Amino acid sequence: MAEASTSSGPYPKKVTYCGVCSLPPEYCEFGGTVRKCEEWLKQHHPDMHEKLYSQEAIEQNLSTLSLEAQKRAEKDSQKKAAKAASAEAKAEELRATSKVLIKRIERNKRKYVTAVQGLEAFGLDIKKVAKDFGKKFATGSSVTKVPGGGEEITVQGDLSDDIYDYVVETYPNIPEDNVDCIEDKKKKTAV
Amino acid sequence: MFKKDATPGAKSKVKSSAQRAIRSKVLDEYPKLEPYIEDIMPKKEQLDLVKLPDRVSLYTLGSTPLFFQHMDDAFMPHLSLVHKYPSAFHRLRIDRGAIRFVLSGATLMVPGLTSAGGRLPNDPEDTEGTYGDEELEAGEVVVIESEGKENACFVGVLKMGTREMKKVKKGQACEAGHYLGDGLWGLNLG
């Protein structure tokens, strides 16, 4: 992928994008996650890293700005970095505290549906997951709205244990402790 | 335009007649894309239309975004397309100091273009002719590159002709655009 750095050449030009902030690596310095970006680049594209983060390049970057502007830019980038860090910490915390609930709901005597809540907190597209559940278990599976707001996946049939295993296995970023199976006895009481 | 994270709305297939119309309109606007148009949107492939907030529609080929359009305005290229075919568009350059403002979504101001690091068409310092010799009028779609960088960072519509910019040297230059790291850039088109 080294050809990304040559300025002209056959089209389409190949551009490398940073794996951390998704911008072209030369713009990483404006993203607020500079340190991480730098590490990533060092690992994946060492030649580019050398070019972009050499002492010379940094000095050249600074020389084009006035002293005052430099200071302001520095302050700004610090602020941005702090913001990015706090946002990340928040996301991490959310991930640690949020739970995936697998509910077995009795629909009729000996007939069950299984409702799965909380997958969206882990960055999953629940519409797609619902489709996958349906494919995997060969049952109807749909996204339904919950009265309290939000959405859940409803899978036909008593599949709570299977779904538990499947979720833990296929989505490694969901810690096993955060997945709970509960049984919901009779949703609506007989009239 | 995409300061907030955009969530893709309904995705639908584009009729082949509409697809032809898009193709010819794109070629009208960006004649320099002609040699590559078959690579960008092959005749046989199915384009998709993704609706975005604020009446923006985005045309994609599979999961690669190509062009977006606000209502019936001009087609604007997605930055990833610009990165692939940089010379097919009208280009201007901003100085280093302006990059961080542009990347946080500010309106592009004229001084960023007229200062020493910036480039407008017919710039005496532009020896290679990268930035063209044709003065641009207000309303044209331009791609903004930046000083010391290789890839473009912004796509927008000119608010002021380049000739006027050189005279006035202040005010807003570009409006409502798409910049690196905005909602459109971060869009996930699974």
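Described below are features of the structure shown in this document. (Residues numbered from 1 in each chain as written. Chains lettered and ligands numbered in written order. Predicted model: local features only at pLDDT ≥ 70, side-chain atom pairs only at ≥ 80, totals over all residues. Heavy atoms only, no water.)

1. Details of the overall build of chain B
Item 1. Tallying secondary structure elements over chain B gives 6 helices and 10 strands in all.
Item 2. Here the C-alpha atoms of chain B give a radius of gyration of 16 Å, agreeing with the 16 Å that 2.2 N^0.38 yields for 190 residues.
Item 3. Here the C-alpha coordinates of chain B stretch approximately 45 × 35 × 25 Å along the principal axes.
Item 4. Of the contacts made within chain B by residues no fewer than 6 positions apart, 58% connect residues no fewer than 24 positions apart.
Item 5. Carbon and sulfur atoms provide 48% of the accessible area of chain B, an area that totals close to 8,900 Å².
Item 6. Charge-centre separation for chain B: the mean point of 26 positive side chains lies 5 Å from the mean point of 27 negative side chains. (Helix = DSSP H or I, 4+ residues; strand = E, 2+ residues; numbered from the N terminus. Rg over C-alpha atoms; globule rule 2.2 N^0.38 Å. Contact = heavy atoms within 4.5 Å. Areas by Shrake-Rupley, 256 points an atom, 1.4 Å probe, with all protein chains shown as cover. Lys, Arg positive; Asp, Glu negative; His and termini not counted. Charge placed at Lys NZ, Arg CZ, Asp CG, Glu CD.)

2. Examining the interface of chain A and chain B
Item 1. Chain A puts 23 residues into the contact, and the matching count from chain B is 24 residues.
Item 2. Both sides of the chain A and chain B interface together cover about 2,200 Å² of buried area, and 55% of this is carbon and sulfur.
Item 3. Run the count over chain A and chain B and you get 0 salt bridges.
Item 4. For the pair chain A and chain B, the interface holds 8 residue pairs in polar contact (both at pLDDT 80 or more).
Item 5. Element by element, the count of residues in the side of chain A that touches chain B is highest for helix α4 (residues 67-97) of chain A, at 4 residues. (Buried area = accessible area lost by both parts, 1.4 Å probe. Salt bridge = Lys/Arg side-chain N within 4 Å of Asp/Glu carboxyl O. Polar contact = N/O pair within 3.5 Å; in protein donor to acceptor, adjacent residues only side chain to side chain.)

3. Here's the deal with the layout of surface pockets
Residue and element names in this part refer to chain A.
Item 1. Its boundaries defined by the atoms lining it, the largest pocket holds a volume of some 1,800 Å³.
Item 2. Counting residues per element, the ones that place at least two in the lining of the largest pocket are α4 and α5 (126-137).
Item 3. For the lining of the largest pocket, the leading source of residues is α4, giving 6 residues.
Item 4. Of the residues belonging to the lining of the largest pocket, the class tally is 18 nonpolar, 11 polar and 14 charged.
Item 5. For the lining of the largest pocket, the two domains that each supply at least three residues are domain 1 (2-92) and domain 2 (98-184). (1 Å grid on protein atoms, 1.4 Å probe; cavity = no way out; pocket = protein on both sides within 12 Å on 5 of 7 lines; lining within 4 Å. Points joined across faces, edges and corners; volume = space filled by probe spheres on them. Nonpolar A, V, L, I, M, F, W, Y, C, P; charged D, E, K, R; others polar. Domains from an automatic or database assignment.)

4. Thoughts on the sheet that holds strand β2 (residues 111-117) of chain A
Strand pairing in a sheet relies on backbone hydrogen bonds. The paired strands run either parallel or antiparallel.
Residue and element names in this part refer to chain A.
Item 1. Pairing in this open sheet of 5 strands is mixed, and the strands run β3-β4-β2-β1-β5 from one edge to the other. Each edge of the sheet is formed by a strand with only one pairing partner; in this case those strands are β3 (141-145) and β5 (179-184). With direction set aside, neighbouring strand axes in the sheet form an average angle of 25°.
Item 2. Here β3 pairs with strand β4 (residues 151-156) via 5 bridges, running antiparallel. Residue pairing in the sheet places V143 in a bridge with I153 of β4.
Item 3. The sheet strands contacting α5 are β2, β3 and β4, and the helix crosses β3 at an angle near 145°.
Item 4. Sitting on the sheet, helix α6 (residues 160-170) touches β1 (100-108), β2, β4 and β5, and the angle it makes with β5 is about 165°. (Pairing = 2+ DSSP bridges. Axes fitted to C-alpha atoms, helices over the stretch in contact; angles between N-to-C directions.)

5. Remarks on unusual backbone geometry
Item 1. Residue R110(A) is not a glycine yet carries a positive backbone phi of 65°.
Item 2. Looking at where R110(A) falls in the secondary structure, it is placed in the loop between β1 and β2.
Item 3. According to the relative accessible area criterion, R110(A) is exposed, its value standing at 74%.
Item 4. Backbone geometry places D54(B), a non-glycine residue, at a positive phi of 60°.
Item 5. Residue position: D54(B) is located in the loop between β2 (47-52) and β3 (56-61).
Item 6. On the basis of relative accessible area, D54(B) is assigned to the exposed category, the value being 55%. (Buried < 20%, exposed > 50% of the residue type's maximum accessible area, 1.4 Å probe, protein only.)

6. Re the nonpolar core
Item 1. V26(B), L33(B), M41(B), F67(B) and I94(B) are the most contacted members of the largest nonpolar core, which totals 71 residues.
Item 2. Every residue in contact with L33(B), bar those within four places of it in the chain, is listed here: V26(B), L27(B), I40(B), F67(B), Y85(B), A88(B) and F89(B). (Core = buried A, V, L, I, M, F, W, Y, C linked by side-chain atoms within 4.5 Å.)

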